[in-house]
Amino acid sequence: MIRVVFYKDSKDEYIGFSLSGHAGYAKAGQDIVCAAVSALCLNTVNSVEAFTKDLIRLETDEAAGVLKLRFVNTVSPESKLLTDALKLGLEGIRDNNNFRYLSVTTKRRCKS
């Protein structure tokens, strides 16, 4: 199962998100759930980098299926919109697959 966690601070502002795991919908290279989730997440990272001035820290491990994005400063309205759109897309994939291959949650954290 792919687990996506969106992190928000005490003011309900995004501070980042993480993705880990593999969907297990089909064999590697044929897994459309994994491909869809990866495409949405990578597009969000690329869009934040291309269309905002927000600074991010990015950590990836393709073999382990890990992607972690952390906003370094306060999130701009553009990055908030992009992250909201990512969450909406992921929830749609999750809902269409009966929650079997994808988990999407939000956790509160103090920004450090």
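See the structure above.
Notes on the structure in this doc start here.

**Side note on the layout of surface pockets**
Argument step 1. The volume enclosed by the largest pocket comes to roughly 420 Å³.
Argument step 2. If you trace the largest pocket, you find 22 residues lining it, with His22, Cys34, Ser38, Glu62 and Gly65 closest to the centre.
Argument step 3. Mapped onto the lining of the largest pocket, the elements with two or more residues apiece are α1 (32-51), β3 (56-61) and β4 (66-71).
Argument step 4. Looking at the lining of the largest pocket, the element that brings in the most residues is α1, giving 4 residues.
Argument step 5. The class makeup of the residues in the lining of the largest pocket is 10 nonpolar, 8 polar and 4 charged.

**Describing the packing of aromatic side chains**
Argument step 1. Here the structure, examined in full by the defined rule, presents 3 aromatic pairs.
Argument step 2. Seen from their ring centres, phenylalanine 6 and phenylalanine 17 are 5.8 Å apart, and the 40° between their planes marks the pair as tilted. Of the two residues, phenylalanine 6 is situated in strand β1 (residues 2-8) and phenylalanine 17 in strand β2 (residues 14-20); the sequence distance between them amounts to 11 residues. The same class applies to phenylalanine 6 as to phenylalanine 17, namely buried.
Argument step 3. Their ring planes at 80° and their centres at 5.2 Å tell us that tyrosine 25 and tyrosine 101 sit as a pair that is edge-to-face. Remark: tyrosine 101 occurs in the loop between α2 (77-96) and β5 (102-108) and tyrosine 25 occurs in the loop between β2 and α1; sequence separation between them is 76 residues.
Argument step 4. For tyrosine 101, a relative accessible area of 15% corresponds to the buried category.

Thresholds applied
- Residues numbered from 1 in each chain as written.
- Predicted model: local features only at pLDDT ≥ 70, side-chain atom pairs only at ≥ 80, totals over all residues.
- Heavy atoms only, no water.
- 1 Å grid on protein atoms, 1.4 Å probe; cavity = no way out; pocket = protein on both sides within 12 Å on 5 of 7 lines; lining within 4 Å.
- Points joined across faces, edges and corners; volume = space filled by probe spheres on them.
- Helix = DSSP H or I, 4+ residues; strand = E, 2+ residues; numbered from the N terminus.
- Nonpolar A, V, L, I, M, F, W, Y, C, P; charged D, E, K, R; others polar.
- Phe/Tyr/Trp six-rings, centres within 6.5 Å; stacked < 30°, edge-to-face > 60°.
- Buried < 20%, exposed > 50% of the residue type's maximum accessible area, 1.4 Å probe, protein only.

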